[in-house]
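Notes for the structure review
Each chain, written out:
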Amino acid sequence: MTPELKIYLMTLMLPSLLDEIDAPMNPKTKSSFLRVNKFCEDQANEAAEAFYKHDSLKDRHDAMVSHWNTIIDNMNLK
């Protein structure tokens, strides 16, 4: 798997995972956090749009994202 594809897959999950963190943040940290979150969302959207420009990649993209979500959701680190 290429580094770009790995980054894309990580970027897909990062915004929702960051939203799940329930930790108090000072305003400066929260502002930085929101900028990083927005950047990640933008990168994931651009990558998804690139996949969807090619009809032959749509199903592969959806299967890859579904599989990745399953891996992340089932990960249990103890």
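Look above for the structure.
Within every chain, residues take consecutive numbers counted from 1 along the sequence as written. Given that the model is predicted, a residue must reach a pLDDT of at least 70 before its local features are reported, and side-chain atom pairs must reach 80 or more before they are shown or counted; all residues, however, enter totals for whole chains, interfaces and linings. As a rule here, side-chain values cover all heavy atoms of the structure and leave hydrogens and water aside.

A short note on the overall build of the protein chain
Convention followed: Secondary structure elements follow DSSP: runs of H or I of four or more residues count as helices, runs of E of two or more count as strands, with numbering from the N terminus. The globule rule is 2.2 Å times the number of residues to the power 0.38, and the radius of gyration it is compared with is taken over C-alpha atoms. Buried residues are those whose accessible area, probed at 1.4 Å on protein chains only, stays under 20% of the maximum for their type, while exposed residues exceed 50% and partly exposed ones sit between those limits. For the area figures, the Shrake-Rupley method with a 1.4 Å probe applies, and any residue is considered shielded solely by the protein chains shown.
Looking only at helices and strands, the protein chain features three helices and zero strands. Its C-alpha radius of gyration of 15 Å places the protein chain more than 25% over the 12 Å reference for a compact globule of 78 residues. In terms of its C-alpha atoms, the protein chain occupies a principal-axis envelope of roughly 45 × 30 × 20 Å. For the protein chain, the residues scored as buried account for 23% of the 78 residues in total. Surface summary for the protein chain: the accessible area is close to 6200 Å², and the carbon and sulfur share equals 58%.

Concerning the environment of Asn45
The topology assignment puts Asn45 in helix H2 (residues 27-52). Linking Asn45 and Ser56, residues eleven residues apart in sequence, is a C-alpha distance of 18 Å.

Thoughts on the nonpolar core
How we decide: In this text, buried Ala, Val, Leu, Ile, Met, Phe, Trp, Tyr and Cys residues form a nonpolar core when linked through side-chain atoms within 4.5 Å. By the convention used here, residues are in contact when the closest approach between their heavy atoms is within 4.5 Å.
Listed in full, the ten residues of the largest apolar core are Tyr8, Leu9, Met13, Ala47, Ala48, Phe51, Met64, Val65, Trp68 and Ile72. Breaking this core down by element, the ones donating at least two residues are helix H1 (3-20), H2 and helix H3 (55-74). Discounting residues that sit within four places of it in the chain, Ala48 has contacts with Tyr8 and His61.

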